[in-house]
Amino acid sequence: DPFRARLAGAQRELARATQTPGGDGYRVLRSFSRWEAIEGRTVEVIDSSSRHVYVSVNCPQPQVIADAIGRADARGVVCDVLHFGEPIVELRHGRTVGHDSTRGVVYRRHQARHVAVVADSADVVWAVAQDGSAWQSVAGRDPLLAALAKGYIRHDIYVQQIWNEFHDVLQERGGPGMQQLV
C-alpha cells in the first residue's frame, strides 16, 4: 500500500528530526483552535497533576477549569492560580491571586483571552485568543515549554503581589495599570 509506505517514511523522518542528539531539531506539540478542545485538554492536564499546578486563566466561562482545579486541590495538589475578575475557586493547597493591576482600566488588548496551565513542571497548555474568540494554542509534555509557561505565570503572580502591596506608588509612577512602565 503506497499510502502506508509514505506514512511510515514520514514517521521515520519525524522521529529522526526530533531525536537528533546534540543537534538542532524540531519540537512536536499539539495545537488546538477550538475553545472546547483547549478547555478539554486543560482539564486533562490539571486532572493528571500529582504535585503542583500553575494556572493563569482569563476566559468568559472558567467554571469547568475551576472545577478541575478544585479536584486537584482535593487530591492535595498545590495549585497556584492567577485569575482575572473574581476568584474562581477556593483552595486549601495553594493560592489564588487576582490580576488587580488592570482592574477598572480598559485597553484595547483587554478583549484578549488566554489560559496557561503547567502541571508538575512537565505538561502544558498555553492558549491565546487575541480578539477574544479566535483561539491558538500549543500543548504537550515539553520541558522548555513548561519552563516558559511556568515562568510567565509565576512572574505575573509576583507582579500582582507587588501591585497589591504597593499599588499607590506603582500607579503614581506608572499610571493606570502600570502602562507607562512598559
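Residues numbered from 1 in each chain as written. Predicted model: local features only at pLDDT ≥ 70, side-chain atom pairs only at ≥ 80, totals over all residues. Heavy atoms only, no water.

Novice: Could you give an account of the packing of helix H2 (residues 35–48) against helix H3 (residues 63–74), naming the residues involved and the relevant values?
Specialist: Contact geometry for H2 and H3: axes closest at 9 Å, N-to-C directions at 5°. On the basis of the axis angle, H2 is roughly parallel to H3. Residues Trp 35, Glu 39, Thr 42, Val 43, Ile 46 and Asp 47 of H2 form the contact with H3, whose own contacting residues are Val 64, Ile 65, Ala 68, Ile 69, Arg 71 and Ala 72. (Axes fitted to C-alpha atoms, helices over the stretch in contact; angles between N-to-C directions. Helix = DSSP H or I, 4+ residues; strand = E, 2+ residues; numbered from the N terminus. Parallel < 35°, antiparallel > 145°, perpendicular 65-115°, else oblique. Contact = heavy atoms within 4.5 Å.)

Novice: Hey, could you go over the pairing of strand E2 (residues 78–83) for me, with residue numbers and the actual values?
Specialist: Counting buried positions along E2 yields 5 of 6 residues, so the element is predominantly enclosed. Bridge count between strand E1 (residues 52–58) and E2: 6 bridges; the pairing is parallel. Residue pairing across strands places Ser 56 opposite Leu 82, the latter belonging to E2. On the question of chirality, the crossover connecting E1 to the parallel E2 by way of H3 is right-handed. Note: E2 against strand E3 (residues 94–98), 5 bridges, orientation parallel. Each bridged residue has a counterpart across the sheet, and for Asp 80 the counterpart in E3 is Arg 95. (Buried < 20%, exposed > 50% of the residue type's maximum accessible area, 1.4 Å probe, protein only. Pairing = 2+ DSSP bridges. Right-handed = clockwise from strand over helix to strand, strands pointing away.)

Novice: Would you mind going over the sheet that holds strand E6 (residues 136–141) in detail, with residue names and values included?
Specialist: The mixed open sheet is built from 6 strands, whose spatial order is E3-E2-E1-E4-E5-E6. The open sheet has two free edges, formed respectively by E3 and E6, since each of these has just one partner strand. Between one strand axis and the next, the sheet turns through 5° on average, direction left out of account. The pairing of strand E5 (residues 123–129) with E6 spans 6 bridges and is antiparallel. Following the sheet pairing, Val 125 is matched in E6 by Ala 139. In the packing of H2 onto the sheet, contacts are made with E1, strand E4 (113–119), E5 and E6, and the angle to E5 comes to roughly 150°. Its contacts with the sheet place H3 against E1, E2 and E4, and it is angled at close to 155° to E2.

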